[in-house]
Each structure stands twice: as structure tokens, then as C-alpha cells.
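Residues per chain are reported as follows:
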Amino acid sequence: MQEFNQEEADGDPSALLNALVDSVVPGAEGLIFLPYLTGERAPHWNSNAKGVYFGIQLHHGRAHFARAMMEGMLFAIYSVGIALEENTGPIHTIFASGGLARSSLWVQMLADIFNKPVFTKNTVESSAWGAALIGLEALGIQRGNPTIKTSKRREHKIPSAITNRVRRITPYI
């Protein structure tokens, strides 16, 4: 992201990255990224796994690399989702929070890959809110159904055209 920011210093690096990624079709025209830069944990449990871009061709530019990077990271999350479903049953809904939830493109790609509705809240820092709620209950300040802050859900729908493209590339990931 620093590279994107240096080139266009006035731009928001996240917006620049999203614009690059959005300019390339799902599947990054065959470019695949395995995001194992520090090994891999769940569900593969291989600390020796390495990150790699696979399928590089002359026509691939930085937009393709950015799209493949985002898809690779989201498919890594998807592999955890598959393992969860195998052990606990079907996942019907996904709630996204944290940095990923700040980008509607990331969240939409997550919905496309999982082929499930993904919800975000107006506040993306759910972990901090959860910790605060647990702390308030532990201290006896708040009991039962604690409410620190309420916010509405936003649903990211699954457009069938993108879902079908994602399903075509899934066997290669």
C-alpha cells in the first residue's frame, strides 16, 4: 500500500488499492496469490508454507497483482470457513468487522467467495466493543443484555454474475 501512496501522494491508499482491484475481473486473469508470507495456520497448519504469486504472464500489471492478493487472502479465510462448516455445520450468515469491514469492495468480495450474505456494522471495531462488554459484565456494571452502542447492520448482497465467476476460479485456489 505504501507504493500506491508514494505514487499518488494526495490519494487515500485504500481507495487507490480498491480502484486498482476493481479494474480487474474476478480471478485476476489467472494470477493466483497464496498469502502464506509467515507460514500458514488454520486450517493447513504449516509453518513452512510460503507465499507465492502463481500464473504470472506478461499482461499482468499491478492491478492484477493487487486483485490476486486480495482474492488470495479472502480465499484463505474461505478455507477456514470450509473447515468450520465441516466441523460445526453450515454457515448461513457472516459478520465482518475490523479493517476488512471498512472497505465495501473487500466485504463484497467476501460475500461473493462465500456465496453468503455478509453483514457489517456502522462501527467496525467489534473486538473492542466485545471486550468492553465483557469487562462491564465482569465488574458488575452491566448485566444481562448489555448495550453500549447500537448500530444498524448493512448487508452486502451476492450478485449472481460475480458469484458464478468466483465459482469458476475456486478450483484453482
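Going by the structure above, here's the rest.
This report concerns the structure included in the present document. Predicted, not measured: the structure shown is a model, and the values here were computed from it.

What to know about the environment of I56
Here's step 1: By the element assignment, I56 lies in the loop between β2 (52–54) and α3 (62–88).
Here's step 2: Through-space distance from the C-alpha of I56 to that of I32 is 8.2 Å; in sequence the pair is 24 residues apart.
Here's step 3: Each residue touching I56, except ones within four places of it in the same chain, is listed here: L31 and F65.

Quick notes on the packing of helix α2 (residues 13–22) against α3
Here's step 1: Interhelical geometry of α2 versus α3 gives an angle of 100 degrees and a closest axis separation of 8 Å. Judged by the angle between their axes, α2 and α3 are roughly perpendicular. Contact residues: α2 offers L17, N18, L20, V21 and D22, while α3 offers R62, A63, A66, R67, M69 and M70.

Thoughts on the pattern of salt bridges
Here's step 1: This model, assessed by the stated rule, comprises two salt bridges.
Here's step 2: The salt bridge partner of E71 is R67, with a shortest N-O separation of 2.9 Å. With E71 and R67 both in helix α3, this residue pair falls four residues apart, about one helical turn.
Here's step 3: A salt bridge links K116 to E85, with the shortest nitrogen-to-oxygen separation between them at 3.7 Å.

Observations concerning the packing of aromatic side chains
Here's step 1: Taken as a whole and assessed by the stated rule, the structure comprises five aromatic pairs.
Here's step 2: Taking the centre distance of 5.1 Å and the plane angle of 90 degrees together, the rings of Y78 and F114 count as edge-to-face. Of this pair, Y78 sits in helix α3 while F114 is found in helix α4 (residues 104–114), placing the two residues 36 residues apart along the sequence.
Here's step 3: We classify Y78 as partly exposed; its relative accessible area is 21%.
Here's step 4: On the accessibility criterion, F114 (10% relative accessible area) is buried.

Calculation rules
Residues numbered from 1 in each chain as written. Predicted model: local features only at pLDDT ≥ 70, side-chain atom pairs only at ≥ 80, totals over all residues. Heavy atoms only, no water. Helix = DSSP H or I, 4+ residues; strand = E, 2+ residues; numbered from the N terminus. Contact = heavy atoms within 4.5 Å. Axes fitted to C-alpha atoms, helices over the stretch in contact; angles between N-to-C directions. Parallel < 35°, antiparallel > 145°, perpendicular 65-115°, else oblique. Salt bridge = Lys/Arg side-chain N within 4 Å of Asp/Glu carboxyl O. Phe/Tyr/Trp six-rings, centres within 6.5 Å; stacked < 30°, edge-to-face > 60°. Buried < 20%, exposed > 50% of the residue type's maximum accessible area, 1.4 Å probe, protein only.

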